[in-house]
Each structure stands twice: as C-alpha cells, then as structure tokens.
Amino acid sequence: MPAGTEGDFPEIAYPPTRGIRAKTTVRIILQGLFVLMVFGPFCAVALQLLDPGVEAGRSWIELLLPTGRRGQLLMQSAGLATGVAISTTALGLLAALALWRCRQGRLSRLKWLALVMAPIPPYIHALAWMTALRFLSGGAVGAGPRAVHGWLLAWWVETMAFLPIAAGLCLLGLEAVRPALIESARVIRSDLKTLGLIVLPLAAPGILGAFVAVLLFSLTDYSVPSIFAVDVYTLEIFAEYSATGNAGEAFLLAAPVSVLAIGAVLVSQLTVSEAASAASPRVLTPMAPLSLPDWFKLIEKGGLFVLGLQILVPLVTLAAQLERPARIFETVQLAAGDIFFSFYVAAMAAVVCLAPALGAARGLLSARGRNRLWWFTAVLPLAVPAPLIGIGLIVIWNRPGLAAFYDSALMPVLAALTRFLPWAALVVLAQMRRVDQSLIEAARVHGKGTVMSWLRVDLPLVAPGIVAAAGIVFALTLGELGATLLVTPPGRSTLTIRIYNYLHYGGSADVAALCLVILGAGLGAALLVWAAMSGWSWLARRA
Amino acid sequence: MLEIRNIEKAYSVTPVLRGLSVTVEPGEPLVVWGPSGSGKTTLLRLIAGLEVPTTGEILMDGQVVSRRDWLLPPSARQLGFVFQSSALWPHLTVAANIRFALHSRPRLEMRRRLEELLERTELEELAGRYPHQISGGEARRAALARALASRPRYLLLDEPLTHLNDDLKERMLHLIHEYRQQSQACIVYVTHDREEAQTVSTRSINLPTAAGSR
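Residues numbered from 1 in each chain as written. Chains lettered and ligands numbered in written order. Predicted model: local features only at pLDDT ≥ 70, side-chain atom pairs only at ≥ 80, totals over all residues.

With that out of the way, let us pick up the interface of chain A and chain B. Contacts between chain A and chain B engage 17 residues on the former and 21 residues on the latter. Within the residue set of the side of chain A that touches chain B, elements represented by two or more residues are helix H8 (179-186) and helix H9 (191-202) of chain A. Looking at the side of chain A that touches chain B element by element, the count peaks at five residues for H8 of chain A. Residues that form the side of chain A that touches chain B fall into these classes: 10 nonpolar, three polar and four charged. (Contact = placed C-beta atoms within 7 Å. Helix = DSSP H or I, 4+ residues; strand = E, 2+ residues; numbered from the N terminus. Nonpolar A, V, L, I, M, F, W, Y, C, P; charged D, E, K, R; others polar.)

And the structure:
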C-alpha cells in the first residue's frame, strides 16, 4: 500500500475509561428517570383501559369518538386554540421584531424585560381583564359579558396571557439569525424585502415554535375558559373524572384532544428542535439598524403596545383592587400556610427537575438526523392534557400502603415535574447548544478525568441553562392548576387553588393581594432567568 | 469612483480605523491587506453602508453615501459583496442564492445570467444543492457568483479565495479580472496574504493593527 493513504491509519477502537462508563451509566439513569416521570402517569391511565369497569359504563367507541355535544366541544376548543395561536403569534412576532431591532446600546439588554409576564398564570390575566372591563363599562361587566361574550373574552385573555411566551420564542428565533446572512441580503435588496425573504424564513423555527407552544397551552388549559363560562374539551375530562372517578374513561375521553395535540407536536417536532438548536454561539456584530417603511413601523408599534398592555393591565387593576398597600401583608398573613406550601412545592420541583432535565438534554443534543426518537420522547408529553396527568398520578399513588406519599407534598411536586420537565430539558438543551464544543473537547484533552472535566468545565458552561430551567419550572409550578387541582393532599391548598376558587365569585382585595404575591414570585423567577442569561452573554463576550 | 475621506470608526472607545483616506478609480482594484484585527472588514462594511462611520465620509460618484448622520441604504449602492463567511442563505439552494441578486431582470435574462455564472464558477452540478451540502471552497465560489450576478459598479471582496486550491484560485482571480475589465467596476479586495495581494493589483494599502493615520 502506498505511503500516505488511508491504509496507514488503521481504525483503533479505544476501550472506554472507567470515568466514561460511569458518565454513560449516570446519563442512562437520568434519562430513564425522565421517561418514567413524564410518561408514568399517562401510561398508568392508559393501563386502566384493561379495567372491566370501562366497558360496564359506556363502550370504548362511544367514549373515543367525540360525537354530538362532545364533537361540537372539541371543534370549539380546537377553534379557540387555533384562534389564540394565530393572534398571539402575529402580535408576538410584531412585538419581537420591534424589540429585535433594538440591537445596540444599553437599552438593548433590557428588551427581555418586556417578557417578564411570561410566567404569570393565565387566570391572573383573566381577573385583571374582568376588572378592567368592569371598570370600562361602568361596573356592568360582571355577569353580562361572561354570558354573552364568553368566547371572545376567553380568546382575548388567552391571547394576552400567552403573548409574552410567543414574543419570547419569536425573539429567540430572530436573534438566532446570523447578522452576516442579513447583511448579505441588505446589499442586494431593500430592508423590507430582506426582512420578508431572508430574516423571517430563517427565524421560522422560532415563529412556528411559538405558534405550536401557544396552541398546546390553549388546547390543554381550562382555567381561563371556565372563568368566562366557556365549556372546553379539557374541562370535560376533569368534570367526567370528578363525576365518575373512572380513570380509563377519562383516558378515552382525553384521546381526541390528545390526538390533536400530538399531531401539533409531531408537525412541530422539526421546528422545535431547530429552534432549540438555533441558539448557537453568537457574535453580536454591530449593524446599522434596518430602515423599514413608516407603515410597517406603525404596525410593529401596535404589537409592542399590546405587549405593554398585558403588563400594565394586570399590574394596574390588581393594585387598584388592593384598596390599600397594607392589605397585601394582611392577606399574606392569612394565607401564609398556602403561600408556604406553594413555594415549597415550586422550589422542590425546580430542584428535582434539574438532574433528569440534564440527562434528557444530553440525549437531545446527540439526537440528530434520523435519530428523532428521543426528540419525540422528550416533546410528546407536552401534548398530554393537565387533568390526565393528575388522574394518572392518582391511579399510581392512591393505593393502600402508599398513603404517606399520596397525602403529602410529593403529589403536586410530581404533577409539576410531569408537566414541566420537557420545558426544563429544552431550556438546558438551548444552553448546551450555545456552548462552543471545542471548549468541552479541550477539557477532555487537558482534563484530569471525566468527572473532574465535567465538574470544572461542562457544568459551569451549562450553569446559566440550569438556573434558567429552575427559574422557569419554579414560576410555572407556582401557577399550575390543571393537575394540582386533582392531586393536592386533603387539608392543603396552593395559592393557585385558593385564587381559582375565589375567582368564580369575582375579584376582591384578597384575590388581588394573592395574585400580587404570585406575580412578585413569578417576576423574581423571570429576573433570575434574565440575570443568568445576561451573565452568560457577558462571559461569552469576555471569552 | 469611490472616495473615502478621513474615515474613523470606533467601537465604544476602541478605535478600529483612524483617519483613513483613499480613492478607488473605476477599473482599478485596491487591495487592502494587514493582520487580523486591523479593520479590513470594518472598512468594507463601512463602504457597504452596513456600519455608520464615527467621523469622515464616503462618496460614490461624487455623492456622499455615508456620514455620521446620513446613510444611503446598502441596496441602493449598486454593490456586490463577498463576505468573509460566504453568508449563503441556508434555506435557499445555490441557484436561488444567486438568483436572489438578479431580481429585477427579465426572466430570460435572469436564466442566461444564472447559467453563465454557474458555468464560470464551475457550480453547474451543484445548482440545486443547499449550502450545508457543499464544501467551503464551493461556498466561496457561490458567494462570488452571487456578488457578480447583478453586475455591480462596486465590488467588495473580503478574502474571497480562502478554502480554494491553487488552480481554482487562479481561475477565480481570472474571473474577477475579466469582470473588472468588462465593467470598469471599483473593486476593493481584502486579504491578509501579501502574495495574493501582489497578484491582484499593484495598488494596495496596508492596515496595521489599531490603524493609525496614513
């Protein structure tokens, strides 16, 4: 064989070191834990189909196929979710475009603060807009609009509630577009054409991700529709289970809405994965701002105005309802037990989610090309309706001998983990994608061992993602209602349950005070995430 | 004619270009060379209108196009630009990337020009491929084809021949020279390679690190 050909370098299979073996084992355990946590309740409910009690009631086909009233309900729910997703994505994109164009100066770093309301539960928006409408119509809004304009109000409030999430995902999509790709178009075409033909198609994963995320949130949420006296399919699952206590029936009832949500997840699988992958190491090249026509800037400002509204309306109406500032302290004292319990559950969920989220994110990082199974596994749980998760947990834990667990804070913690672990994994993954892989490889070459390299290099580099994931899970858990309502132990209540129960009787100073507590905690978590990400950007600029 | 008058550019407080004045006549390439961080790319970005100068001005055919308080939009400058990173749009094929620059031409002319450029840059076989499906050298050639597509009056080339082997380098240099002769375009050619600089033109400026006045 001639010198210098491939034959000179026979492939050598290096035996894995003890450190690598240990790391792989830990990763497999964490990924197994992730799968168990997010699929456990769903599978437990599915297994209830084997229970003969299901057949004794109604036939499978009758439950599975949404005909008559249920069919209409499903269509209405899908219509509401689609409408909310369209309006939220459109408004979010406009607001994101306005924020994205603020690329330079100190103010550019504050743009993420426009999204601070993202972790605030939708029912707080519902309360705020009910109060605002009551005020605008001279106090006559109370029952009237709830009965007459229920769907419209539900659509508007859900749009407001999910707007910061959509704007945030659109902004992430826009930020991921490499400036060089924009500049190379700007020298050929006008800035408006560049925006339409280059920037928006390249930001499409973020924009489609926003659409699908809002669609899923709206399809699986019943808190806002129920406040506005609107029947949605997810509420039907909750109501049926409350009436019959039959988990198998609940599973079959949930199937149509789950199929719709799974369809959305499957369609978006590629875009969601690309949106998370798009957060690549980014060089902030200074660029002369895009000069867009005045009419476009006006539309953009419209989006920004609505984004501002969804911050101001809850803050102003809740503050106005409070009557006097001291009221907040009085209410906090009265609800101290619930507040402590909620914070405890949220903090536990935020801490416990980190290890399995890290393992899942690692799996997602290496799931490329045709190897999409892990992606499917990690993203699919987002499509499971919240009540079904609660029912699944009841099926698993409500057994003789497990009462000590079933009647403890473990249940709402598990409910939060099942619902929000996929989000935590996606956030950690986004940070992993931002890390220059050569830094990790350099650690492997120069490091003293796999574990030390991981502790000294990998972990600190992924730390902002870990902090952000913890903050997001904390805020989401604090506002979780769909599953918590079913699994909170007797004699205990969370802030959300207390607020939700009060809400059906209209707003009051007590509700406003409790909402402000949850708002403050949510904002605190959002600021933590923002600080973690800003800290990373600062570090990246120094590198 | 391209005139750069006493241009300065600083990021925050760090000066990148300081008091640079130079004129580029039509059909006469100017080579800008120097080490990394000397401001070569910044100079091209200033000419393209992608950045605002801190002081000084840039004129094209006697008209001010860049000043601290005034920028002619980049698309109105009749430019072709080969970026250092190729900057091919990943959602468009090689052919669509080139066609993007031919938007205002009649359909038949657009097709002829596209075919001509694909042939000259030896990319006919790769026309339907996406940027991630081609090599670094092929991407450079596609970027060059895109830059030449609209027959620009000002051609800005930021290290356009990196990743190319010697044979291809020679053929692409020939293409650039031919275009210069035909169009009498003002060409600004950036490289860090002194030998390459001498091949392209006899007229060159050297930007040392943290450029001082010249």
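Moving on, we get to helix H16 (residues 336-352) of chain A. Residues and elements named next belong to chain A. Between the first and last C-alpha of H16 there are 24 Å, a value that for 17 residues agrees with the 24 Å anticipated at 1.5 Å per step. The set of residues buried in H16 consists of Asp338, Ile339, Phe341, Ser342, Val345, Ala346, Ala349 and Ala350. Along the axis of H16, the buried residues cluster in a sector spanning 165 degrees; they form a single face. When the buried face of H16 is taken as reference, the exposed residues oriented beyond 90 degrees from it are Ala336, Gly337 and Phe340. (Expected span 1.5 Å × (residues − 1). Buried ≥ 20, exposed ≤ 12 C-beta atoms within 10 Å, placed from the backbone. Arc of directions from axis to C-beta.)

The next subject is the confidence of the model for chain B. Chain-level statistics for chain B give a pLDDT mean of 87 and a share of 97% at 70 or above. Across the predicted assembly, pTM comes out at 0.79 and ipTM at 0.81. (pLDDT = per-residue confidence, 0-100.)

The axes of two packed helices give the description: the angle between them and the distance between them. Residue and element names in this part refer to chain B. Packing of helix H3 (residues 107-120) against helix H4 (residues 136-149) leaves a shortest axis separation of 10 Å and a crossing angle of 145 degrees. As for how H3 packs across H4, the hand of that crossing is right-handed. Within the contact between the two elements, H3 uses Arg113, Leu117 and Leu118 and H4 uses Ala145, Leu148 and Ala149. Class assignment for the residues of the contact of H3 with H4 results in five nonpolar, no polar and one charged. (Axes fitted to C-alpha atoms, helices over the stretch in contact; angles between N-to-C directions. Left-handed = near helix turned anticlockwise from the far one by under 90°.)

All names here are of chain A. In terms of nonpolar packing, the biggest core is built from 235 residues, with Ala424, Ala425, Val428, Ala469, Val473 and Cys515 touching the most fellow members. If you tally residues by element for this core, the top one is helix H21 (residues 410-434), at 16 residues. Excluding anything up to four places from it in sequence, Cys515 contacts Ile124, Leu127, Leu318 and Ile499. (Core = buried A, V, L, I, M, F, W, Y, C linked by C-beta atoms within 7 Å.)

Turning next to the sheet that holds strand S6 (residues 70-71) of chain B. Residues and elements named next belong to chain B. Strand order in the open sheet formed by five strands is S2-S1-S4-S5-S6, with antiparallel pairing between adjacent strands. Both outer strands of the open sheet, strand S2 (14-24) and S6, are each paired with one neighbouring strand and no more. As defined by bridge partners, strand S1 (residues 2-11) adjoins S2 across seven bridges and the pair is classed as antiparallel. The residue bridging Ala10 from the neighbouring strand is Pro15, located in S2. Of the strands in this sheet, S1, S2, strand S4 (55-60) and strand S5 (63-67) touch helix H1 (residues 40-48), which is tilted by about 120 degrees from S1. (Pairing = 2+ DSSP bridges.)

This paragraph deals with the domain arrangement of chain B. Residue and element names in this part refer to chain B. Its domain assignment divides chain B into domain 1 (1-78 + 152-214) and domain 2 (93-151). A C-alpha centroid distance of 23 Å is found between domain 1 and domain 2. At the interface, 12 residues of domain 1 touch 10 residues of domain 2. Of the residues forming the side of domain 1 that touches domain 2, the biggest block, five residues, is contributed by helix H5 (residues 166-183). When grouped by side-chain class, the residues that make up the side of domain 1 that touches domain 2 number nine nonpolar, three polar and no charged. (Domains from an automatic or database assignment.)

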